[in-house]
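Structure at a glance
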Amino acid sequence: MVKRVLVVGLGNMGMSHALAYTRIPGFEVVGVCERHIADRKLPEALAAAEKFANYEEGLAKLRPDVVSINTLPDTHAEFAIKAMEAGADVFVEKPLADNVANAEKVVATARRTGRKLVVGYILRQHPTWEWHKRLMDTFPPIVDCGVHYVDVMCQMTKAKPIRVHAIGARLTEEVPVNNYGMLQVVFDDGSVGWYEAGWGPMMSETAFFVKDVIGPKGCVSIVMAETAGKVKSDDINAHTKTNQILRHYTDMSRPDERIDMSDEPDHDALCEREQRYLLKAIEEDLDLGDHMDDAVKSLKIVVAADESIHKGQVVDL
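Bear in mind that the values here come from a model prediction, so they are computed numbers and not experimental data.

Brief notes about the pairing of strand β9 (residues 192-198)
Summarising burial for β9: five of the seven residues are buried, a large majority. Summarising the sheet, strand β8 (residues 180-187) and β9 pair through seven bridges and their orientation is antiparallel. Among the inter-strand pairings, leucine 183 is bridged to a residue of β9, identified as tyrosine 195. Where β8 folds back on β9, the antiparallel hairpin that results is connected by four residues, among which glycine 190 adopts a positive phi of roughly 95°. Relative to strand β10 (residues 209-215), β9 is paired through six bridges, and the arrangement is antiparallel. Considered in β10, the bridge of alanine 197 is made with phenylalanine 209.

Brief notes about the nonpolar core
Counting 82 residues, the largest nonpolar core has Tyr55, Leu96, Leu117 and Leu183 as its most contacted members. Leave out the neighbours within four places in its chain, and leucine 183 touches Ile142, Val150, Val164, His165, Ala166, Gly193, Trp194, Tyr195, Val302 and Ala305.

Brief notes about the packing of aromatic side chains
Scanning all chains against the criterion turns up three aromatic pairs. Ring centres of tyrosine 21 and phenylalanine 27 lie 4.9 Å apart, and the angle between their planes is 80°; this geometry places the pair in the edge-to-face category. The same class applies to tyrosine 21 and to phenylalanine 27, which are both buried.

Re the packing of helix α3 (residues 76-85) against helix α4 (residues 100-113)
Running from amino to carboxyl end, α3 crosses α4 at an angle of 10°, the nearest separation of the two axes being 9 Å. On the basis of their axis angle, the class for α3 and α4 is roughly parallel. Residue-level contacts link Ala77, Ala80, Ile81, Met84 and Glu85 of α3 to Asn102, Lys105, Val106, Thr109, Ala110, Arg112 and Thr113 of α4. Broken down by class, the residue content of the contact of α3 with α4 amounts to six nonpolar, three polar and three charged.

Considering the environment of threonine 172
Here threonine 172 is to be found in the loop between β7 (161-169) and β8. Sequence separation of threonine 172 and methionine 203 is 31 residues, and the distance between their C-alpha atoms is 9.5 Å.

What about helix α1 (residues 12-22)?
For α1, a buried count of eight out of 11 residues is recorded, marking the element as mostly surrounded by other parts of the structure. Within α1, burial applies to Met13, Gly14, Met15, Ser16, His17, Ala18, Ala20 and Tyr21. Those residues of α1 hidden inside the fold are in contact with β1 (3-8), β2 (27-33), β4 (66-69), β5 (89-93) and α9 (267-283).

Cut-off values and rules
Residue positions are counted from 1 within each chain, in the order its sequence is given. Given that the model is predicted, a residue must reach a pLDDT of at least 70 before its local features are reported, and side-chain atom pairs must reach 80 or more before they are shown or counted; all residues, however, enter totals for whole chains, interfaces and linings. Computation of side-chain values: all heavy atoms of the structure, hydrogens and water removed. Think of it in three bands: with a 1.4 Å probe and only protein chains considered, a residue is buried below 20% of the maximum accessible area for its type, exposed above 50%, and partly exposed in between. Segments assigned H or I by DSSP are reported as helices when at least four residues long, segments assigned E as strands when at least two residues long, and all are numbered from the N terminus. Pairing between strands is defined by DSSP: at least two bridges between them are needed. Only buried residues count toward a nonpolar core, which is a set of Ala, Val, Leu, Ile, Met, Phe, Trp, Tyr and Cys residues joined through side-chain atoms within 4.5 Å. In what follows, a contact means two residues having at least one pair of non-hydrogen atoms within 4.5 Å. Side-chain rings of Phe, Tyr and Trp, where Trp is taken by its six-membered ring, are said to pair if the distance between their centres is within 6.5 Å; with planes under 30 degrees apart they count as stacked, over 60 as edge-to-face, and otherwise as tilted. Structural elements are reduced to axes, namely lines fitted to C-alpha atoms, with helices fitted over the stretch in contact, and the angle between N-to-C directions of any two is expressed from 0 to 180 degrees. Throughout this description, any angle smaller than 35 degrees is read as roughly parallel, any larger than 145 degrees as roughly antiparallel, any in the 65 to 115 degree range as roughly perpendicular, and the remainder as oblique. For this scheme, ten residues count as nonpolar: Ala, Val, Leu, Ile, Met, Phe, Trp, Tyr, Cys and Pro. Four count as charged, namely Asp, Glu, Lys and Arg, and the remainder, Gly too, count as polar.

Spelled out as structure tokens, the structure:
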């Protein structure tokens, strides 16, 4: 049976997800919602969708099978809980919520209602510094993008995070939060994850992109080998493009391994993969328990990192 979808939020990510649904048999976009929907010119693929400026109105009128939430993070928990209480399965962009307590409430609601909850863990691609500034009204980059890379660290190590230390800086008066940050996560197997990021045209062209995991078996780094020295910190693709994965083996038994990612899926293809995973989860009744718990765990780590910056000390997890 085709799943009727209400898409909430039509920014960069929301529009990509909305169009992804139109390319997947099994989904039909029956509604789209954003505050200024009256001023929005929609692509032909979404022309038949009913338009709403108010989320609750769209949810009540359409009674959709799926709600796709692509709004700013401070609305994620409220919108997701309302959707699941109304009987809909949910896709929500990361981070799952604006704080850990709300993230746990969302997961608890999914478990209680039996609805499927998929969290969008691909890197955001925002077209301008102006959009970055708007996003930083809610979260600094160490939280918004950091939650994605910390999630990858946890998957790689399969170990328990035990403490986090972070520092940060606000390089411009244009935003209310630190637009630069770096964190180290220590895991109970001895592994250490390092994440460093900065947004904006005033950012260092060296420090804006550092993503490493170092552990007992070796090191893995995401590197920009082909474009080193050519990309800029306010280039969104520089934050989202993997380029190459460099692996170093601790015992030196093998030479360094470079995994070429030049054929990795582009942004729209990744969005489509996420929605195909959601459809598979619904149709095959997949157990999303680990997926949901991982979303909460990674949020805990980056929120603790932000706390560490403000307190100036290590935070135990």
